[in-house]
Structures are given as C-alpha cells and as structure tokens.
Amino acid sequence: MSGRWVHGNRIRLLENGEEFYPRAFELIASARAEVLLETFILFDDKVGRQLKAALLQAARNGALVDVTVDGWGSAYLPPAFSSELVEAGVRFHVFDPGRRILSWRTNMFRRMHRKLLVIDGSLAFVGGINYSADHLADFGPAAKQDYAVEIEGPIVDTIRRFAHAAVRVGQPRRGWLRRKHEQAEESSLAKPGTAQVMFVTRDNRDHRTDIERHYRAAIRLARRQVTIANAYFFPGYRLLKEMRKAARRGVEVRLILQGEPDMPIVKRAASMLYDHLLRAGVKIYEYTERPLHGKVAIVDDEWSTVGSSNLDPLSLSLNLEANVMILDRDFNRHLRERLEALIRSSCRLVEEVELPHSNTWLMVRSFFVFHFLRHFPSWVAWLPRHAPKVIPMDSRSGRTA
C-alpha cells in the first residue's frame, strides 16, 4: 500500500466552503514561495473568481504557482479564465483534456479526482471540496455538504513531493532510495502536533487498491464503532463483506449516504445494497437536507480518513484519488461530533421494514449486483488503461499546448 505513517502533525477539520474557502484563499494570496493546487472542478463563478484573485496575488508576490484541473470536471472553464492566470506567470495545467467527437466528450475514464493544495511547503489541504459556488450554503437546496482538512507538519513535505511529481509526469512514482532520503529529511522537520498521518493515493499503475485496502483494514480492526459518510456509495464486494462481518461481531456500523442526491442514479444504486447491509445489522442514515459530497470515515476512537475518494467503482477502480489517514483522538472526536450532529439534525434512519418484500425480480437483481461488485475490478481492465499526462496551457492562445 502507498504511504506510511508520519508523526508530529497538526490537523484541522474544515466543513463546507464557508470554512474552507476563506482559509485557503487567504493563505494562497499570502504565499511567497510556492502554491501547488489540484482540483477536479474549477468553475468560473464567484468562488472560482475568488480563487483566481488569490492565485494572481501569489504570482505577484513572486511565488511559483502550479494549478492543475481535470479535463473532464473542468471542461467548460472559459479560455479567458486560464489565459489571465498564465499571462501573470501561473503554470496552468489540464489533466487529459481529451477530444470531442460530434460534441461527445471522449475522456470520461480515469479522471484526476484529487483535491490538493500545498502552500509554501508548510501547509497542505486535502479533501473533497472543489472550487465552485455549489459548496456554499447560499447556493440553495443543491448546495453540497463536504469536508477537507488543513495539515501542518512533516507529512506536508510528502504531499508536496507528490504534487510536484504529478505536475511533471501525471503519474507519480517513487523508488526505494528516494523514500529513504525523504524519511531522513522528514525526521528533521518541525512537529507542531501529535497526529500520525498517512497520505494514501489511488492510481492506475502502482496503487490501484490502496485506499480501499486501508478502509478494509480499519473496519477489520474495529471493536466498537465505524461511521462512514460517503457521497457515492457502491463499493466492491470485499469492502461490503468487511462491513457486514464487523456488524455481525457486534461493531456498530453506521453509513451516512445521500437522501437528496445531486444525481438520482446515486441513491438508486446505493439502495440496491440496503437489504444486504441491513440484514447484517448495518445502520443506514440518509442525509436529507441537501446533497452529500463528503468522503470521510471514523473507526473507534483514533482512526479517521478525509479525502477525495468515494466508495464507488469510479473512485475505487478508475479515478486518481488522494486521502489522508489520521491517527489522532482529538481529531477523531471532533469529526465524530460533527457527523453525529448531522445524524441528529438532518438524517433519516432507513428501517428494514421499508424495504420491498422478496420476490423473483429482487432475487435476480441481487444476483447481478452481487456478481457485478465481485468482478468489477477485473472487468475494468478492459477500459482504457492509458496514463493521461498533465498538459500545460499555452499562454498565447489559452489552449492546451
């Protein structure tokens, strides 16, 4: 599995755009040396324009600024938006921009779904929040509920190295000798906190199942409680199996899933698994206030994760993702309090009696769902297996070079 535990970090939870954007934009605008930013979605709306202003200020400060957006998620970003940044000295990159055939986009597989930000090599942000106005409550009923973390400490250097490598080649690879060198460097860095943090990524080369394997290991070791809040829930067979086994041995397993989804198919797909999970004792809560976009989890009193990875086939088998795994009792307690407040105020418990009675159609559907989840990781190998590169933007035309 990718990553290793790094001691001595400070972690702060940021909930929704209201907490994340002001902090991120303030630090970007004050950067003096370097800004590294990756995002799946960047829109030309009030949030995107605030980000642009902060990036322009960082460039005026003399900082080296690299921005990478995904070619699918940010496909409709107008050329003028990026051109202004490039003209100011920002290095703007598009991950696999793809081509259009009769207005159809052809680059839908293996997206760059990470949300990373590193500032002056001293602070990093990891989470699920994109740069778009729909992460703010004033967007209305479709505003997203989401999470990120601000990180200070030795693990920031690991995230920074990863982001640099991603800009260079699109698929970071690190050898044993380089890892030993990094360990020696990190041991001398300041340790502002007590949290142990592991930076874990998913790619299509060396780390195809790492995030899922960390989830499975944490659930397997759970003794009291597992709480998972995840926007797009249709996990693989082995992860479902660990949840069911944990519930059957007496662990309280709670899932917070979308009750008011941004895409109807999301709830329909997850609901196919309800019967399978409820009968094993898993508790399912549907968040009904607005769309849930979070990708967080806690296990017992110490382990937590926050990141970009959903628990669905796209994130677990196709997309490029990044999570942090955290061992810290204070952070775990705070995240648990926030999730329990969500359950109390805005969630509906799904009862087993609500589910339709077994019939021939349900039995057939369950059979196909079961085997789809079991075999999807091998089937996905038939999909495009290219490793898309990060393409720099041409400052003269505002188009990819």
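Residues numbered from 1 in each chain as written. Predicted model: local features only at pLDDT ≥ 70, side-chain atom pairs only at ≥ 80, totals over all residues. Heavy atoms only, no water.

Focus: the pattern of salt bridges
Going by this rule: Here a salt bridge means any side-chain nitrogen of Lys or Arg lying within 4 Å of a carboxyl oxygen belonging to Asp or Glu. By the criteria applied, helices consist of DSSP H or I runs no shorter than four residues and strands consist of E runs no shorter than two, each listed in order from the N terminus. Partly exposed describes any residue whose relative accessible area lies between the buried limit of under 20% and the exposed limit of over 50%, with all areas from a 1.4 Å probe on protein chains only and scaled to the type maximum.
Applying the stated criterion across every chain, the model contains 27 salt bridges. Linking glutamate 150 and arginine 10 is a salt bridge whose minimum nitrogen-to-oxygen distance equals 3.2 Å. With glutamate 150 in strand 9 (residues 147-152) and arginine 10 in strand 1 (residues 6-15), this pair connects stretches of sequence that are 140 residues apart. Exposure remark for glutamate 150: the relative accessible area of 1% places this residue in the buried category. A salt bridge links arginine 333 to aspartate 330; its shortest N-O distance comes to 2.6 Å.

Considerations on the nonpolar core
The test is simple: Residues belong to a common nonpolar core when they are buried Ala, Val, Leu, Ile, Met, Phe, Trp, Tyr or Cys residues joined through side-chain atoms within 4.5 Å.
With 38 residues, the main nonpolar core has Phe20, Phe25, Ile28, Phe92, Leu117 and Tyr131 as its most contacted residues. For this core, the elements supplying multiple residues, two or more each, are helix 1 (16-29), strand 2 (34-39), helix 2 (46-60), strand 3 (64-70), helix 3 (79-87), strand 4 (91-95), strand 7 (116-119) and strand 8 (123-127). No other element matches helix 2, which puts seven residues into this core.

Remarks on the side chain of arginine 111
Where we set the bar: Under the rule applied, a polar contact is a pair of N or O atoms within 3.5 Å (in protein, one hydrogen donor and one hydrogen acceptor; residues adjacent in sequence only if both atoms are side-chain atoms). The criterion used for residue contact is that any of the two residues' heavy atoms lie within 4.5 Å.
Inspection of the secondary structure puts arginine 111 in the loop between strand 6 (104-105) and strand 7. By relative accessible area, which is 2% here, arginine 111 ends up buried. For arginine 111, the side chain forms a polar contact with the side chain of aspartate 70, separated by 2.9 Å. Beyond its immediate chain neighbours, meaning those up to four positions away, arginine 111 contacts Phe40, Asp70, Gly71, Trp72, Phe95, Asp96, Leu318, Asn319 and Leu320.

Focus: helix 1
Definition in use: Helices are assigned an expected span. That span is 1.5 Å times one less than the residue count.
With 14 residues, helix 1 should reach 20 Å at 1.5 Å per residue; the first-to-last C-alpha distance of 20 Å fits that figure. Elements that come into contact with the buried residues of helix 1 comprise strand 1, strand 2, helix 2, strand 7, strand 8 and strand 9.

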